[in-house]
Amino acid sequence: MKKKLIALALTALPVVSMAEVILYGQMKAGYEVSSTKTSGDSRSPYQNGIADYGSRIGFKGSEDLGNGLKAIWQVESAIHLGNSNGKADGWANRDSFIGFQSEFGTVRAGRISNQMKANMDKVDPWEYNNEVLGLGKFTRTGQRYVGIAYDSPEWAGFKFNALYSPRDNVNGGDRNSEYDYGMGAGDKYSIGLNYHNAEYFAKYGFDYLKNSAAMITESGNTKLKDGQVHRVEGGYDANNLFVGVGYQYTKNTSSYFNGLKGASIPVGVNEQGDLITMNVGDHNVTWDNQGQEAALTVGYHFGNIFPKFTYAHGWDIKLDGDKMKNTKYDQIVLGADYGFSKHTTANVQAGWLREGNGYNELNESKGKNKTTAFGVGLKHTF
């Protein structure tokens, strides 16, 4: 009798829609070895070890709010199976957000990938940590911004997205340092357009970065400049054949040239004698520069085996509007994937990269770096 009363009481309770929660992720790592030789110098010691290829774990969920509206959320974190290599630790260091989804599109707020990182990975189908074993140079403009994003529904194969990261999210809330260093606001904007029609695809990504670079004028003053990234990708993926091409133009942002990697404008020296640069949070002011790159990837599926080939080229960059000789690069990656199942894949590949080191103050070439690398790994998704 008691059990019947409990059952009747439960059936009398109002029906509440349950929120859906999904656990997902990827575990992927391998062994990589590489060595670099500079013109006129002996080959450097081999670097080798276990490398993480971007392992991650995530939780995402949604709740039906009625009338076609859903509340959505996601928390995604990196898992380092090798060394972290300076990558952020802790929860929610990858795409993590909360928002609404409806027939009119999706609105999210949180840590969100820009168009280049979220949707433009087809031309770079490699698993790697060392950039020589994949298009790490070409895809360096794929970033995550803390901000608000809109993703449109699909219309006749087209989808549109936009992302805005406000000033104080970019500088980590340290507006005073931005002001003291004369950096201005560092707001970031990203726009993407994707098209898919049967076996063909085309994608365009654009980033606009406020006060991302500077040049020193003849009077010795620092002049701030905004940055831009334009990337276009397209190709064919059907009937076992994959062909993808990409082109990228960057202005006043991170460069593929070694001499500008991590470069930032100096503003002084602190009490300990350390150099202070225009670098606050995720707002880094580099030198005025421009670059153009292109990439081609071709692959063909033979059953479970997917051999593929990539060639990439970066032209000589411009610094303060002047072309710099010996700053271009050429890269080749050759390898194959083997699919054990829908969730488990092995990879093996070799890469070769030649990049110029520019010229010195005496207008003498600083030679080229030639790096060779080899990697083998395993990937499992869940």
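As a reminder, the structure under discussion sits directly above these lines.
Criteria and thresholds
Residues numbered from 1 in each chain as written. Predicted model: local features only at pLDDT ≥ 70, side-chain atom pairs only at ≥ 80, totals over all residues. Heavy atoms only, no water. Helix = DSSP H or I, 4+ residues; strand = E, 2+ residues; numbered from the N terminus. Buried < 20%, exposed > 50% of the residue type's maximum accessible area, 1.4 Å probe, protein only. Areas by Shrake-Rupley, 256 points an atom, 1.4 Å probe, with all protein chains shown as cover. Lys, Arg positive; Asp, Glu negative; His and termini not counted. Charge placed at Lys NZ, Arg CZ, Asp CG, Glu CD. Pairing = 2+ DSSP bridges. Polar contact = N/O pair within 3.5 Å; in protein donor to acceptor, adjacent residues only side chain to side chain. Contact = heavy atoms within 4.5 Å. Core = buried A, V, L, I, M, F, W, Y, C linked by side-chain atoms within 4.5 Å. Patch = residues over 30% accessible without salt bridge, like charges linked within 9 Å, V, L, I, M, F, W, Y side chains within 5 Å. Salt bridge = Lys/Arg side-chain N within 4 Å of Asp/Glu carboxyl O. Phe/Tyr/Trp six-rings, centres within 6.5 Å; stacked < 30°, edge-to-face > 60°.

Attention now goes to the overall build of the protein chain. Check the secondary structure of the protein chain and you find four helices and 24 strands. Here the C-alpha coordinates of the protein chain stretch approximately 95 × 55 × 45 Å along the principal axes. When each of the 382 residues of the protein chain is scored for burial, the buried share is 39%. Roughly 20400 Å² of accessible area belongs to the protein chain as shown, and the carbon and sulfur atoms make up 56% of that amount. Distance between charge centres in the protein chain, computed from 40 positive and 40 negative side chains, equals 5 Å.

Okay, the pairing of strand β8 (residues 158–165) next. Note that strand β7 (residues 144–151) and β8 share four bridges and pair antiparallel. For Ile 148, the partnering residue across the bridge sits in β8 and is Tyr 164. Counting the residues that bridge the hairpin from β7 to β8 gives six residues, and of these Ala 156 lies at a positive phi of roughly 55 degrees. Both β8 and strand β9 (residues 188–197) contribute to a ladder of eight bridges, which runs antiparallel. The residue bridging Asn 161 from the neighbouring strand is Gly 192, located in β9.

Here we take up the side chain of Arg 56. Tracing the backbone shows Arg 56 in strand β3 (residues 56–66). Exposure remark for Arg 56: the relative accessible area of 17% places this residue in the buried category. A polar contact is formed between the side chain of Arg 56 and the backbone oxygen of Gly 54, at a distance of 3.2 Å. For Arg 56, the contacting residues outside a window of four places in its chain are Gly 25, Gln 26, Lys 28, Glu 76, Ser 77, Ala 78, Ile 79, Arg 94 and Phe 382.

Bringing the nonpolar core into the picture now. Formed by 18 residues in total, the largest nonpolar core has its most connected members in Leu 135, Phe 138, Leu 260, Ala 295, Ala 312, Ile 317 and Tyr 329. If we skip the residues at most four places from it in the chain, Leu 260 touches Ser 255, Thr 286, Trp 287, Asn 289, Ile 317 and Leu 319. In this structure, Ile 72, Phe 97, Ile 112 and Leu 209 belong to the second largest nonpolar core, which totals seven residues.

Bringing a nonpolar patch on the surface into the picture now. There is a patch of nonpolar side chains on the surface, built from Leu 241, Val 245, Leu 296, Val 298, Tyr 300, Phe 302, Ile 305, Tyr 338, Phe 340 and Leu 378 and spanning about 860 Å² of accessible area. Looking at the nonpolar patch, the elements that each hand over two or more residues are β12 (241–251) and β18 (289–300). Among the elements that make up the nonpolar patch, the one with the highest residue count is β18 (three residues). Looking at where Leu 241 falls in the secondary structure, it is placed in strand β12. Assessed through its relative accessible area of 30%, Leu 241 is described here as partly exposed.

Moving on, we get to the pattern of salt bridges. Inspection of the entire model under this criterion finds 18 salt bridges. Across the pair Asp 151 and Arg 108 runs a salt bridge whose closest N-O atoms are separated by 2.9 Å. Here Asp 151, found in strand β7, pairs with Arg 108, found in strand β6 (residues 105–113); they are 43 residues apart in sequence, far enough to count as distant. Overall, the relative accessible area of 22% leaves Asp 151 in the partly exposed class.

This part takes up the environment of Gly 99. With respect to the helices, strands and loops of the structure, Gly 99 is situated in strand β5 (residues 96–102). Separated by 70 residues in sequence, Gly 99 and Asn 169 place their C-alpha atoms 18 Å apart. If we ignore the near neighbours within four places in the chain, the residues touching Gly 99 are Lys 70, Ala 71, Ile 72, Val 107 and Arg 108.

With that out of the way, let us pick up unusual backbone geometry. Even without a glycine there, the phi angle at Asn 211 is positive, about 50 degrees. As for its position among the elements, Asn 211 is in strand β10 (residues 200–216). Positive phi, close to 60 degrees, is recorded for Asn 326, a residue that is not glycine. On the secondary structure map, Asn 326 appears in the loop between β21 (322–323) and β22 (329–339).

A separate point is the packing of aromatic side chains. Any pair of aromatic rings gets described here by the distance separating the centres and the angle formed by the planes. Tallied over the full model, the rule gives nine aromatic pairs. A centroid spacing of 5.0 Å and a plane angle of 35 degrees characterise the contact between Tyr 164 and Tyr 189, whose relative ring orientation is tilted. Of the two residues, Tyr 164 is situated in strand β8 and Tyr 189 in strand β9; the sequence distance between them amounts to 25 residues. Aromatic pair Tyr 200 and Tyr 236: ring centres 5.2 Å apart, planes at 65 degrees, arrangement edge-to-face. Taken together, the residues span a long stretch of sequence, with Tyr 200 in strand β10 and Tyr 236 in strand β11 (residues 222–238) at a distance of 36 residues. For Tyr 236, a relative accessible area of 17% gives the class buried. Through a chain of ring-to-ring contacts, three or more aromatic side chains come together here, namely Tyr 164, Tyr 189 and Tyr 208.

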